[in-house]
Amino acid sequence: MSSREPIFLEPVFQEKIWGGDRLRTSFGYDIPSGHTGECWAISGHPGGDCRIKGRPGQTLGGLWREERALFGGLAGEGFPLLVKLLDAREDLSIQVHPDDSYARLHENGASGKTECWYILDCDPDATIIIGHHARSPRELREMVEGKRWGELLREVPVRPGDFFQIDPGCVHSIRGGTLLLETQQSSDVTYRFYDYDRLSEGRPRPLHIEESLAVTQSPFRPRELRPQTRREGDALVTELVRCPCYTVYRAVLDGRWQRDWDAPFVNISVLDGRGALDGTPVERGDHLLLPAGYGTMTLEGRLELICSHL
Ligand code: ZN
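Note that this is a predicted model, so its numbers are computed, not measured.

Draft legend 1. Quick peek at the overall build of the chain. Each helix and strand counted, the chain has six helices and 22 strands in total. Radius of gyration (C-alpha) of the chain: 19 Å, near the 19 Å computed for a compact globule of 310 residues. Dimensions of the chain, computed from C-alpha atoms along their principal axes, come out at roughly 60 × 40 × 40 Å. By the burial criterion, 53% of the 310 residues in the chain qualify as buried. Taking contacts inside the chain between residues at least 6 apart in sequence as the whole, the part at least 24 apart equals 69%. With an accessible surface of roughly 14,100 Å², the chain has 45% of that area assigned to carbon and sulfur atoms. If you average the places of the 37 positive and of the 47 negative side-chain charges in the chain, the two averages end up 2 Å apart.

Given below as structure tokens:
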């Protein structure tokens, strides 16, 4: 593949007990069932490796292994980021992720997981869980063992356009009625604190109480984000977060936007509208990647995008 070609990806869908049908009704995707929870939109992860449009048999994971120059020759076993859309009809489990050093040691060299959420749509009274109210690791253990979930968990109202960064060690849960885009480290190491005593295929999903307690930051300290917005051509570009794992932007364009990304690759998800990227049509629901050496990107149209890079 040439470094001047954008790489368009085919999403991989994941059915979940908490999923719904909004990935079809809202984005028009051909989903496998009415409980489809996740669209892995930009992924080279073995649990859902996206096929490359127009390149039969090729996947993002395969490109990462065989054509590393497209990613600026980065080191690492797998494509490092994962972009998902999530449709939570029901609540997700209460969970926490380890950081890189804990995961390397205890999860066979896996990476930890930092993630962030951009809320696309939600019910008027929707909430999420971020953090907890225990004042010490000991109090956290007491409240978890006593199943005092209502008292323990920090519930936050959400609205479309909100953005949240979930660092390793932060207890969290997406709750029912929320459609969001998640950008994360490509990892699936998740420790479940609590799953509402639900059954999946007749059995409760496993919990990981000791691992959860070991990695949870206590007391919880909320993450302060100060998103900066600036105009670039006809686009308003907001840097939502910059952390050691990724930088994530939201861009709203009405006209023309040129940018030379100083990054080994750039993920782009089209949340709304239609337009063209250097002459190639793009529209709502498209997910693509600009390889290293792409040079200046020119986007035209009316578009809302989430972009990310390392
Ligand atoms: Zn998570």
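Structure's up, so let's keep going.
Draft legend 2. Representation of the coordination of the zinc ion in the model. Taken together, Gln 95 (OE1), His 97 (NE2), Glu 115 (OE) and His 172 (NE2) make up the protein donors of the zinc ion, found 2.1 to 2.5 Å from the metal. Angles of 77 to 156 degrees at the metal separate the four donor atoms of the zinc ion, which places the site in the irregular class.

Draft legend 3. Spotlight on the pattern of salt bridges. Within this structure, the stated rule accounts for 23 salt bridges. The closest approach of N and O atoms between Arg 198 and Asp 195, which form a salt bridge, is 2.8 Å. Asp 195 matches Arg 198 in its accessibility class, with the two residues each being buried. Here the salt bridges do not stand alone but share partners, grouping Glu 38, Lys 84 and Glu 182 into one network.

Draft legend 4. Quick peek at the nonpolar core. Membership of the largest hydrophobic core comes to 37 residues, with the highest contact counts inside it found for Phe 71, Phe 79 and Leu 289. Counting residues per element, the ones that place at least two in this core are strand S1 (7-10), strand S3 (36-42), helix H2 (60-66), strand S5 (81-88), strand S7 (115-122), strand S12 (178-185) and strand S17 (235-242). Excluding its chain neighbours within four sequence positions, the residues that come into contact with Leu 289 are Pro 6, Ile 7, Leu 9, Ile 42, Leu 60, Phe 71, Phe 79, Phe 265, Val 266 and Asn 267. Ranked by size, the runner-up nonpolar core spans 22 residues in total, among them Val 270, Leu 288, Leu 299 and Leu 305.

Draft legend 5. Inspection of the environment of Lys 147 at higher detail. Considering the arrangement of structural elements, one finds Lys 147 in the loop between helix H4 (137-145) and helix H5 (149-152). On the basis of relative accessible area, Lys 147 is assigned to the exposed category, the value being 57%. Distance from Lys 147 to Tyr 194, taken between C-alpha atoms, is 8.8 Å for residues 47 residues apart in sequence.

Draft legend 6. Highlighting the packing of aromatic side chains. Going through the model one piece at a time under the given rule, you end up with 13 aromatic pairs. Their ring planes at 75 degrees and their centres at 6.0 Å tell us that Trp 257 and Trp 261 sit as a pair that is edge-to-face. Using a relative accessible area of 0% as the deciding quantity, one classes Trp 257 as buried. Accessibility expressed as a relative area gives 8% for Trp 261, which makes it buried. Through successive ring pairs, a cluster of aromatic residues spans Trp 64, Phe 71, Phe 79 and Phe 265. Taking the ring centre of Phe 27 as reference, the NZ or CZ of Arg 284 above it sits at 4.3 Å.

Reading guide: rules and limits
Residues numbered from 1 in each chain as written. Predicted model: local features only at pLDDT ≥ 70, side-chain atom pairs only at ≥ 80, totals over all residues. Heavy atoms only, no water. Helix = DSSP H or I, 4+ residues; strand = E, 2+ residues; numbered from the N terminus. Rg over C-alpha atoms; globule rule 2.2 N^0.38 Å. Buried < 20%, exposed > 50% of the residue type's maximum accessible area, 1.4 Å probe, protein only. Contact = heavy atoms within 4.5 Å. Areas by Shrake-Rupley, 256 points an atom, 1.4 Å probe, with all protein chains shown as cover. Lys, Arg positive; Asp, Glu negative; His and termini not counted. Charge placed at Lys NZ, Arg CZ, Asp CG, Glu CD. Donors = N, O, S within 2.8 Å, 3.2 Å for Na, K, Ca; no water. Tetrahedral: all angles 85-135°; square planar, octahedral: opposite > 155°, others 65-115°. Salt bridge = Lys/Arg side-chain N within 4 Å of Asp/Glu carboxyl O. Core = buried A, V, L, I, M, F, W, Y, C linked by side-chain atoms within 4.5 Å. Phe/Tyr/Trp six-rings, centres within 6.5 Å; stacked < 30°, edge-to-face > 60°. Lys NZ or Arg CZ within 6 Å of the ring centre and 35° of its normal.

Without other data, these values stay purely geometric and don't point to any function.
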